[in-house]
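A look at the structure
Residues per chain, in single letters:
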Amino acid sequence: MRSLVRRAGALVGVLLLAAGCTGGPSLENQGEVTAPPGDSKHLVIGSAGFTESDLLATMYALLLKDAGYGTEILSVANRELYEPALESGQIDVVPEYAATFADWLNAKTNGADAAPVGSPDLDATMKALRSLARPRGLVVLDAGRAVDQNAFAVAGAYAKEHRLTTLSDLGASGLKVRLAAGDECVQRPYCEPGLKKVYGIDITSVDPKGVGTTQSKKAVQNGQDQMMLTTTTDATLADFGLVLLADDKHLQNADYIVPVVNRSRAGSDRVADALGALNSVLTTADLASLNQQVDSWRRLPEDVARSYLEDKGLLK
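What you see is a predicted model, and the numbers here were worked out from it, not measured in a lab. (Residues numbered from 1 in each chain as written. Predicted model: local features only at pLDDT ≥ 70, side-chain atom pairs only at ≥ 80, totals over all residues. Heavy atoms only, no water.)

1. Considerations on helix H5 (residues 79-88)
- Among the 10 residues of H5, 8 are classified as buried, and the element is accordingly described as predominantly covered.
- Within the sequence span of H5, burial applies to Arg79, Leu81, Tyr82, Glu83, Pro84, Ala85, Leu86 and Glu87.
- Backbone nitrogen of Glu80 and a side-chain oxygen of the N-cap are separated by 2.7 Å at the start of H5; the cap is Asn78.
- The positive-phi residue at the C-terminal boundary of H5 is Gly89, with phi of around 90°. (Buried < 20%, exposed > 50% of the residue type's maximum accessible area, 1.4 Å probe, protein only. Helix = DSSP H or I, 4+ residues; strand = E, 2+ residues; numbered from the N terminus. Polar contact = N/O pair within 3.5 Å; in protein donor to acceptor, adjacent residues only side chain to side chain.)

Written as structure tokens, this is what we have:
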């Protein structure tokens, strides 16, 4: 099967030029914002180059192709490159994360020191995101059920021994916890400070082994650390005997999956309907399973994406 994915290659130079020459072309051309939504026959779907983004971009491409569009995928790993390309119409559609993208656009619009607008509240986050995206000629489509947000995992045996299913359980237990995470965890409100303030968890130290890394997983598996920072769609936790503790007090931001489109090229109801079909079926657990099939089982993203959409009856 011919792959849908086209790596950035020589186009990186074009995207760099776009990024360098435009601080936000849609802000300077209000005609693009007020003109009727476009419905181009050929659409370029952007991927950020990691497994989950490749899978989402591939599902978008297959759904749009099934709706009658010509599609291709352009993989550009750097948001500083692909977001300006999305504004300029070199890329037409990208899968994004609501709170993260809201904060990124906010910093781009209002400066790096601007107060964050992403929050655990999905409605508030989407409102802020759409208000930031609109002047740039971007449309943020509805969020689905799948969310890829920060999460915390412990060894399954440890959870069973101490009867832990939520972060509140861990806080109430009084257990001392060495946390495997990134260096920034000691300062980020969603990490060590938030775990202490919101949940009362006794974090004794942060072991700087990274977010969701194999090193972190092994450290928790062997008891060197008691908990690790990862994400809700981590595909390999079970391989290390680890389980997630529920964020029952909603410390983490609402990083729900949202398609973002260039309004002048892909702002039509037909595009929104084609991509929206995925919202009703794709769950966080589904996305974790799809990631696992690629990362652990070594299946091709296109094969995994197509099988999932066919199983859900989303392809004709």
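Having put the structure on the table, let's press on.
2. Notes on unusual backbone geometry
- With a phi close to 55°, Arg163 is a non-glycine residue in the positive phi region.
- Position of Arg163 relative to the elements: it lies in the loop between helix H8 (156-162) and helix H9 (167-173).
- Classification of Arg163 by relative accessible area gives exposed; the value is 76%.
- Not every positive phi belongs to a glycine, and Arg298 is a case in point at roughly 65°.
- As for its position among the elements, Arg298 is in the loop between helix H14 (284-295) and helix H15 (301-311).

3. Thoughts on the pattern of salt bridges
- Under the definition given, this model contains 14 salt bridges.
- Taking the shortest distance from any N to any O, the salt bridge between Arg178 and Asp207 comes out at 3.5 Å. Of the two residues, Arg178 is situated in strand S7 (residues 176-181) and Asp207 in strand S8 (residues 202-208); the sequence distance between them amounts to 29 residues.
- Judged by its relative accessible area of 28%, Arg178 falls in the partly exposed class.
- On the basis of relative accessible area, Asp207 is assigned to the buried category, the value being 6%.
- A salt bridge links Glu192 to Lys196; its shortest N-O distance comes to 2.9 Å. Of this pair, Glu192 and Lys196 both sit in helix H10 (residues 192-199), 4 residues apart, which is roughly one turn of the helix. (Salt bridge = Lys/Arg side-chain N within 4 Å of Asp/Glu carboxyl O.)

4. Things to note about the state of the cysteines
- The final tally for this structure, using the stated rule, is 1 disulfide.
- Covalent S-S linkage joins Cys185 and Cys191, the inter-sulfur distance amounting to 1.9 Å. The sign of the -85° torsion about the S-S bond sets the Cys185-Cys191 disulfide as left-handed.
- Classification of Cys185 by relative accessible area gives buried; the value is 1%.
- By relative accessible area, Cys191 is classed as buried at 0%. (Disulfide = S-S within 2.5 Å.)

5. What about the packing of aromatic side chains?
- Enumeration over the complete set of coordinates arrives at 1 aromatic pair.
- A ring pair is formed by Phe101 and Trp104, whose centres lie 6.5 Å apart and whose planes are at 10°; its orientation type is stacked. Pair noted here: Phe101 and Trp104 are both in helix H6 (residues 98-110), with a separation of 3 residues, about one helical turn. With respect to burial, Phe101 and Trp104 carry one shared label: buried. (Phe/Tyr/Trp six-rings, centres within 6.5 Å; stacked < 30°, edge-to-face > 60°.)

6. Things to note about H15
- Restricting attention to buried positions, one finds in H15 the residues Glu302, Val304, Ala305, Tyr308 and Leu309. Buried residues of H15, seen end-on, are gathered within an arc of 165° and therefore sit on one face of the element.
- Next to the buried residues of H15 lie helix H4 (51-66) and H14.
- Just beyond H15, the residue with positive phi is Gly313, at close to 70°. (Arc of directions from axis to C-beta. Contact = heavy atoms within 4.5 Å.)

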